[in-house]
Each structure stands twice: as C-alpha cells, then as structure tokens.
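The residues making up each chain are set out below.
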Amino acid sequence: MTKVLDIPKVNAKNMTEKEFFYGHKACAGCGGSIAVRLALKVLGERTYSALPAGCMSAVGFIYPQMAFNSNAIITTFPGSASMAAGIAAGAKALGQKDFKTVVFAGDGGTADIGFQALSGMIDRNDDVLYICYDNEAYMNTGIQKSGLTPYGTKTTTTPAGQNIPGTVTHKKNLFEIIAAHDIAYAATASIGYPQDFINKVNKAKHVKGASFIHVYASCPTGWGTPTETSVEIAKDAVDCGLIFLAEYEDGEYKLNRNPKEFKSVEEYLKKQGRFKHMSDADIQCVIENRDKKWERMRKNWL
Amino acid sequence: MIKMNRPKHTEYKTPTHIDDYPTGPQYDAGFLPEKNAGWRTFKPVVNHDECIYCLRCYLLCPDGTIMKDNGKIKIDMDYCKGCGVCAHECPKDAIEMVKE
Ligand SMILES: Cc1ncc(C[n+]2csc(CCOP(=O)(O)OP(=O)(O)O)c2C)c(N)n1
Ligand code: SF4
Ligand code: SF4
Ligand code: SF4
Ligand SMILES: [Mg+2]
C-alpha cells in the first residue's frame, strides 16, 4: 500500500474543478449526493462507478438524463460488488492503467441485500473501493427499515405506536463486520466532517485491492429535517457519539475522534421527525447502547 | 459562462429514427435535458463583501452548483435547488436565501 505520507492532500482549494455528479434529481439538501459528489471529485475522471438500485442511482440515471459525468452503471440490487469486481478485472484485461472502480451503495444495498457479494469481493481482494452511504433506511422505496436503521426510528415497516417504539433493533455493526474480513483498508466517515471523508477516500484511492468506507449521509426527506441542516445533523450525530469516526488498516483499529464529552443525544434526536415520538426511556436505551459501544471501542482500539 | 467543468443543459430532441437513440441503455455521460431551477422556492444570494472565499459552501453544495470564478464564488442557477446548505454552513453569513 502507498504510504500515507506520499499521498498528495486533496481539499476544497486544490480539488478538481470538474463535477462528475451534476444535474441529478436528488431531493434538495440530500446528504448522499454530497458523499457521491465529493468522492468522485477525489477519485477523478478515470473512475468507473457502479450503483445498485437506491436513491443515488435513481436520481442519477433518469432516462434520457445522465447525471454522472464519468463512466457509471446501475447494477442489480444484490450484485454491485460483483459487478464492480468484473469492471475492474475487465479494465485491467484491456490494459487500462490509473483507473479506479467504485461502488456507491445505500445502507440497505450494503448491510442487507448486497452483503454476500461485498463479502466475496473483499475475500478475493478485488481492486474496488466500496462506499456505503448510510441514510439509515431504504429511502428510495419510501423509508423501510434496514439493518442499519437505528433504535427508535419510525419507518413504514417499523411504525411507532402503542406496541413498538418504531425500530426495536440497534444498528448492525457493519464496520467491524467488514474489518473482520481483514480488509486492507476500511473506514467510517460522515458528511458532517467533509475533510475527514475526503482524506479517507483519498487514502482508499491508493489502495490496491479491496477497500471500504461507511459514510453517514443525511436524508432530509426520510429523516424529517430541514434541507439546509443536512451537514449540521451529520456532524451532530458524530458529536453526540451515535456515529464514530474510525479506520482499520494493517490489522489495527484506529479511533479518529475520541471526544471527552458528548453533545446531547436528545437534542440530536428531537431535531428529526423520525425520532420525535421517542419516550425518555427509549432515548435512555439509545444512550446506554452508545456508552456500551464506546467503552468497548476505547478499551480495544486505543 | 459556465465552463466545461460542468455539463451544460442539453436540448433533447425526440428521436425519429433508430439511429437517433444512444448505443446501449443510456445517453452520454453528462447528458442533461432538464434544468433543476424550477425546484427552488428560495435562491442563494452572495454578499461578496462579506465572503472570505473559504470555499466551505463550494465543498458542501449537494449539487456542485457553486464554482470558483477568479477568487469569487459563483452559482449555476440552472441547477441550484435552493436547499440552503451553503447559507447555513457559511461561517460569515455571506449568503442569504431570498424568496424567488
Ligand atoms: C432485488 C431487488 N429488490 C428490491 C428492489 C427495490 N428497491 C429499489 S431501491 C430500494 C431501496 C434501497 O435502499 P438503500 O440501499 O438503503 O438506498 P437508498 O434508497 O436509501 O439510497 C429497494 C428496496 C430492487 N430494485 N431490487
Ligand atoms: S430520499 Fe433522501 S437519500 Fe433519497 S434523494 Fe431524497 S434526500 Fe437523498
Ligand atoms: S462559505 Fe461563505 S465565506 Fe466561505 S466561500 Fe462560501 S460564501 Fe464565502
Ligand atoms: S442553495 Fe443548495 S443547491 Fe443552491 S448553491 Fe446553495 S447549497 Fe448549492
Ligand atoms: Mg438507505
């Protein structure tokens, strides 16, 4: 793997002026589109994108519109990792050099339905960067619960009422499940910390073989938040400790942010329509789960 | 003028012959037959006297419609959706959202 020190830094001042995800039909303020747009700017023109069914493909390929300004293809819902692996192998067989193959898949397309293909891709160490933009539900089909929907979330398949408080399960531990494959590079990120996300994409760009980034990406439509607060909410999620920023590299975990104090979980939740109904006991359950997770991360990763 | 860094709006002509259709299931990369300007209720207006050109708005615009133009920021109003992220995130409050 290229040494981190050798990789030229990318930031707002020096990144390419070119836009590779432009004129798309994502809702105003869509966090997923911030993640896709920034990642493509870091990866550059010589990029093949593969996207399963989900919001980012739905808003990018509305025939005859083609909002991707570099090579991009829609894949089968469960097969994005295998199709990307095929693209990377095909381009290599054609003698192409200096290119990157990337997947942009949602939380449902990654943690649930696309998982088997993703696991195989990492096992074979195919030369693909897999980015999961996590808006915490199946948004494109109208807000159904996925394996990454957090406790308490109101979705159409986990409605909040007298019997259940919305979603009753906690988020799948996707990052550690991926790391358990002993992948060369994996990271978590949030569009609320854009420079950190850019640095991680830049690092993954230089990995030969499989790499993975799990980026937290707000969805004003599905979360019931004002369009202008998409970045703020994604930052709040990290600051209140429900989302953590970490890396897995050379067999080691690294916690990128270890705040002394967390911001209020309640404030973060109450800003969003999907959590508005939550009782104090439900919020306490979220906090307890957060604290357990951090205790373990701090014990094992620091 | 919007530079070629961004795809431009492309006129769509209804195909009349099989040869007018794209090869494969898609048109070329960056083929944009429709603008997004009609989605806006509010539009961002930049106060260049307050702007310190930190490029935070440029970085965070979900639509990539903010561009660098000789040390100033400029917005492609054909594709800005008026989400207000730029104004909300500006450290100098140099962008105001004004009703269309
Ligand atoms: C095999 C298959 N099952 C179901 C669907 C329907 N479908 C299309 S997009 C989508 C939701 C995707 O959710 P996620 O992966 O989280 O992406 P998001 O829409 O939230 O961006 C579903 C269920 C499909 N296209 N193919
Ligand atoms: S539903 Fe959510 S994720 Fe999908 S385009 Fe709209 S804001 Fe983006
Ligand atoms: S965020 Fe504000 S100060 Fe920074 S470049 Fe944009 S308008 Fe100017
Ligand atoms: S209002 Fe939204 S779409 Fe328009 S320039 Fe600002 S951030 Fe971009
Ligand atoms: Mg989703």
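Procedures and definitions
- Residues numbered from 1 in each chain as written.
- Chains lettered and ligands numbered in written order.
- Predicted model: local features only at pLDDT ≥ 70, side-chain atom pairs only at ≥ 80, totals over all residues.
- Heavy atoms only, no water.
- Helix = DSSP H or I, 4+ residues; strand = E, 2+ residues; numbered from the N terminus.
- Buried < 20%, exposed > 50% of the residue type's maximum accessible area, 1.4 Å probe, protein only.
- Donors = N, O, S within 2.8 Å, 3.2 Å for Na, K, Ca; no water.
- Near = heavy atom within 4 Å.
- Polar contact = N/O pair within 3.5 Å; in protein donor to acceptor, adjacent residues only side chain to side chain.
- Areas by Shrake-Rupley, 256 points an atom, 1.4 Å probe, with all protein chains shown as cover.
- Nonpolar A, V, L, I, M, F, W, Y, C, P; charged D, E, K, R; others polar.
- Core = buried A, V, L, I, M, F, W, Y, C linked by side-chain atoms within 4.5 Å.
- 1 Å grid on protein atoms, 1.4 Å probe; cavity = no way out; pocket = protein on both sides within 12 Å on 5 of 7 lines; lining within 4 Å.
- Points joined across faces, edges and corners; volume = space filled by probe spheres on them.
- Salt bridge = Lys/Arg side-chain N within 4 Å of Asp/Glu carboxyl O.
- Contact = heavy atoms within 4.5 Å.
- Buried area = accessible area lost by both parts, 1.4 Å probe.
- Expected span 1.5 Å × (residues − 1).
- Arc of directions from axis to C-beta.

A. Focus on the overall build of chain B. When you go through chain B residue by residue, the secondary structure sums to 2 helices and 4 strands. Element order for chain B, N to C, with α for helix and β for strand: β-α-β-β-α-β. In terms of overall dimensions, chain B has C-alpha extents of about 55 × 25 × 20 Å along its principal axes. Taken over 100 residues, chain B has a buried fraction of 43%.

B. Highlighting the coordination of the magnesium ion (ligand 5). All names here are of chain A. The protein atoms that coordinate the magnesium ion (ligand 5) are D107 (OD), N135 (OD1) and A137 (O), at distances spanning 2.0 to 2.1 Å. Counting along the primary sequence, the residues that act as donors to the magnesium ion (ligand 5) give the motif D-x27-N-x1-A. You can see D107 sitting in helix α4 (residues 107-112) and its partner A137 sitting in the loop between β4 (129-134) and α6 (174-179), a full 30 residues away along the chain.

C. How the structure looks around unusual backbone geometry. The residue after Y63 of chain A, namely P64 of chain A, is reached through a cis peptide bond having omega 0°. Here P64 of chain A shows up in the loop between α2 (55-60) and β2 (71-74). The phi angle at D182 of chain A is positive, at roughly 55°, despite the residue not being glycine. Tracing the chain through its elements places D182 of chain A in the loop between α6 and β5 (185-190). A relative accessible area of 54% means that D182 of chain A is categorised as exposed. The residue N70 of chain B is not glycine, and still its phi comes out positive at about 50°. Positionally, N70 of chain B belongs in the loop between β2 (66-69) and β3 (72-75). The exposure class of N70 of chain B is exposed, given its relative accessible area of 79%.

D. Looking closely at the site of ligand 1. Residue and element names in this part refer to chain A. Not every one of the 15 residues close to ligand 1 is listed here, only the nearest: G108, G109, Y133, M139 and N140. A distance of 3.0 Å is found between an oxygen atom of ligand 1 and a side-chain nitrogen or oxygen belonging to N135. Contact with the protein chains hides 72% of the accessible area of ligand 1, taken as 590 Å² for the molecule alone. Counting residues per element, the shell around ligand 1 draws most heavily on α4, which supplies 3 residues. Along the lines of polarity and charge, the residues of the shell around ligand 1 split into 7 nonpolar, 7 polar and 1 charged.

E. Structural detail: the nonpolar core. Residues and elements named next belong to chain A. Membership of the largest hydrophobic core comes to 82 residues, with the highest contact counts inside it found for M56, F68, I131, F197, V201, I213 and V215. The element contributing the most residues to this core is helix α1 (residues 31-43), with 8 residues. V103, M121, I178 and A246 belong to the second largest nonpolar core, which has 30 residues in total.

F. Layout of the layout of surface pockets. Residues and elements named next belong to chain A. There is about 550 Å³ of room inside the largest pocket. Of all the elements in the fold, those that place two or more residues in the lining of the largest pocket are α6, β5, β6 (211-216), α10 (265-270) and α11 (280-301). Tallying contributions element by element places α11 first for the lining of the largest pocket, with 7 residues. Here the residues of the lining of the largest pocket sort into 16 nonpolar, 6 polar and 8 charged. Lining the second largest pocket we find 18 residues, and of these D98, F99, K100, D127 and K208 sit closest to its centre. It is helix α3 (residues 80-93) that contributes the most residues to the lining of the second largest pocket, 4 residues altogether. Residues that form the lining of the second largest pocket fall into these classes: 6 nonpolar, 3 polar and 9 charged.

G. Region of the structure containing the pattern of salt bridges. Residue and element names in this part refer to chain B. Per the stated rule, a full pass over the model turns up 30 salt bridges over all chains. When the shortest N-O distance is used, the salt bridge between E100 and R40 registers 2.5 Å. Note that E100 is positioned in the segment after β4 (95-99) and R40 in the segment before β1 (42-46), a separation of 60 residues in sequence. Relative accessible area serves as the criterion here: at 14%, R40 is assigned to the buried category. Here D69 and K74 are joined by a salt bridge, their closest N and O atoms 3.9 Å apart. According to the relative accessible area criterion, K74 is partly exposed, its value standing at 30%.

H. Up close: the interface of chain A and chain B. Facing the 41 residues of chain A at the interface are 40 residues of chain B. Across the chain A/chain B interface, buried area totals approximately 3300 Å², and carbon plus sulfur atoms make up 54% of it. Of all residues in chain A, the largest losses of buried area upon contact with chain B belong to E17, Y22 and K25 of chain A, amounting jointly to 22% of the total for that side. Inspection of the region where chain A meets chain B yields 3 salt bridges. Two residues, R6 of chain B and E19 of chain A, come together in a salt bridge whose shortest N-O distance is 3.4 Å. Contributions of two or more residues to the side of chain A that touches chain B are made by α1, α7 (194-205) and α9 (230-239) of chain A. By residue number, the principal contributor to the side of chain A that touches chain B is α1 of chain A, which donates 5 residues.

I. Representation of α11 of chain A in the model. Residues and elements named next belong to chain A. Spanning 22 residues, α11 covers 31 Å between terminal C-alpha atoms, matching the ideal 32 Å at 1.5 Å per step. What α11 keeps buried is the set D282, I283, V286, I287, R290, W294, M297 and W301. Projected onto a plane normal to the axis of α11, the buried residues spread over an arc of 135° and lie on a single side. Set apart from the buried face of α11 by more than 90 degrees, the exposed residues are D280, A281, K292, E295 and K299.

None of the figures reported here should be taken as evidence of function without further support.
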